[in-house]
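# Notes for the structure review
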Amino acid sequence: MEGKCKFSKMSDCNDVESPAKRRRPPSELELFDDVFTQLLEDLGEEGRKNSEISDVLARFKKVCEYNVPHGKKNRGLSIVTSYRYLVPEFEQSQENLHKARILGWCVEWLQAFFLVADDIMDQSHTRRGQPCWYRKKDVGNMAINDAFYLETCIYKLLRLYFRDDTYYIHLLELFHETTMQTVIGQGLDLMTSPDEVDLGQFSMEKYNAIVKWKTAFYSFYLPVASAMYMAGISDAESHSNAKLILLKMGHFFQVQDDYLDCYGDPAVTGKVGTDIEENKCGWLINQSIQRASKEQRKCLQENYGCNDSKKVAAVKEIYKELNLEDVYKQYEESSYQELMTEIEKYSKNLPKAMFIAFANKIYKRNK
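Right, let's walk through the structure included here.

Cut-off values and rules
Residues numbered from 1 in each chain as written. Predicted model: local features only at pLDDT ≥ 70, side-chain atom pairs only at ≥ 80, totals over all residues. Heavy atoms only, no water. Salt bridge = Lys/Arg side-chain N within 4 Å of Asp/Glu carboxyl O. Helix = DSSP H or I, 4+ residues; strand = E, 2+ residues; numbered from the N terminus. Buried < 20%, exposed > 50% of the residue type's maximum accessible area, 1.4 Å probe, protein only. Expected span 1.5 Å × (residues − 1). Arc of directions from axis to C-beta. Contact = heavy atoms within 4.5 Å. Polar contact = N/O pair within 3.5 Å; in protein donor to acceptor, adjacent residues only side chain to side chain. Core = buried A, V, L, I, M, F, W, Y, C linked by side-chain atoms within 4.5 Å.

One pass over the full model with this rule turns up 23 salt bridges. As a salt-bridge pair, Arg84 and Glu28 come within 3.2 Å of each other at their nearest N and O atoms. A residue pair is termed long-range when its members are at least 10 positions apart, and Arg84 in helix H4 (residues 74-86) and Glu28 in helix H2 (residues 28-49) qualify at 56 residues. Judged by relative accessible area, which is 37%, Arg84 ranks as partly exposed. Among the salt bridges present, the one from Lys298 reaches Glu302, with a minimum N-O distance of 2.5 Å. You can see Lys298 and its partner Glu302 sitting in helix H12 (residues 294-303), 4 residues apart, about one turn around the helix. Using a relative accessible area of 52% as the deciding quantity, one classes Lys298 as exposed.

This is how it looks when you write it as structure tokens:
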């Protein structure tokens, strides 16, 4: 009979779970993923009540389904993880853990907003193992407005779930400030990556500024700060100390990203690296500029920032000559040790184990 499992003497049924497996409690990722469906329903509620906007909200639901839930979800899950570290276990109610997951999804919506817009500006091809949203049939420049919608979802959800909490204003200000910081970082990135290539405009100082403003605030400080506010930690000193550690961690993370853009496996990272073609002021090119001979510098100037496979290969050959893979590995080790020193120095009244756990999660990552 269809749907039933047939056993043989030499085989078992793959569809039958053991009692132990059935009793396995859901993982945090599974609990986190379960929240997404309800949030989509909440966002579409107005469209079900108002026929004037039902079609566009049905389309926006597809925008969210395509762009929000398919990443690694590290930023969103970091809120839940941070909350568990910051609040004693006996005080962790299921209601607040659920709200931490909702807040985590707000960060994932923010990430989706940034990525949809960033892919348009960079003319990227793939994101998270699928075509960039703006490259989908019948999307194109509509993706610009779709990005705006993704941002508005954050404040809809915050109002719906947190407006009666004492830390609601803190969350609003944090998300608004983080968005501005990231937009500033994107502006710095775009200004150092014009159509006309001039490696003389690149420097590690500019690179460090881009990383701090474009990546570190929203990827590392935002999730932990959100959890801190949920846990009732709002004093300036605690947030300042957390920020010092987390911005350092964000820098470490972005250097890894730049390395993986060139040396990572697209099947693992989920995207094809294009930093060379896009004339990005990245860690690898800045390291090359510092180490290159006159001939190598000339080759980089002639070939960097060109959407031509032979020119990209020429740049990568210079990277090879300069042993940048080894330079990166040395950086990774020294930077990790520096990060441990920062955690020891600045964690103070915050749980040291929380920061160490986050550092260990990204250390030697391959995606």
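There is more to say after this.
For the rest of this paragraph, the subject is helix H13 (residues 309-321). Relative to the 18 Å expected for 13 residues at 1.5 Å per residue, H13 spans 18 Å between its end C-alpha atoms, a close match to the ideal helical length. Among the residues of H13, those classed as buried are Val312, Ala314, Val315, Ile318 and Tyr319. Mapping the buried residues of H13 onto a view down its axis gives an arc of 155°, with all of them on the same face. In H13, those exposed residues whose orientation departs by more than 90 degrees from the buried face are Ser309, Lys310 and Lys320. Where H13 is buried, its residues contact helix H9 (236-263), helix H11 (283-291), H12 and helix H14 (324-346). Residue Asp308 occupies the N-cap position of H13, its side-chain oxygen lying 2.8 Å from the main-chain nitrogen of Lys310.

Here we take up the nonpolar core. If you look at the biggest cluster of nonpolar residues, it comprises 110 residues, and the most contacted ones within it are Trp109, Leu150, Leu158, Phe175, Met249, Trp283 and Tyr319. Ranked by residues supplied to this core, first place goes to helix H5 (residues 94-122) with 15 residues. In this structure, Met249 is in contact with Phe220, Leu339, Phe355, Phe358, Ala359 and Ile362, ignoring residues within four places of it in sequence.

Right, let's get into unusual backbone geometry. The phi dihedral of Asn279 is positive, around 60°, even though this residue is not glycine. The class for Asn279 is buried, based on a relative accessible area of 3%. For Lys348, which is not glycine, the phi dihedral falls at a positive 50°. Positionally, Lys348 belongs in the loop between H14 and helix H15 (352-362). Look at Lys348 and you get exposed, because its relative accessible area is 55%.

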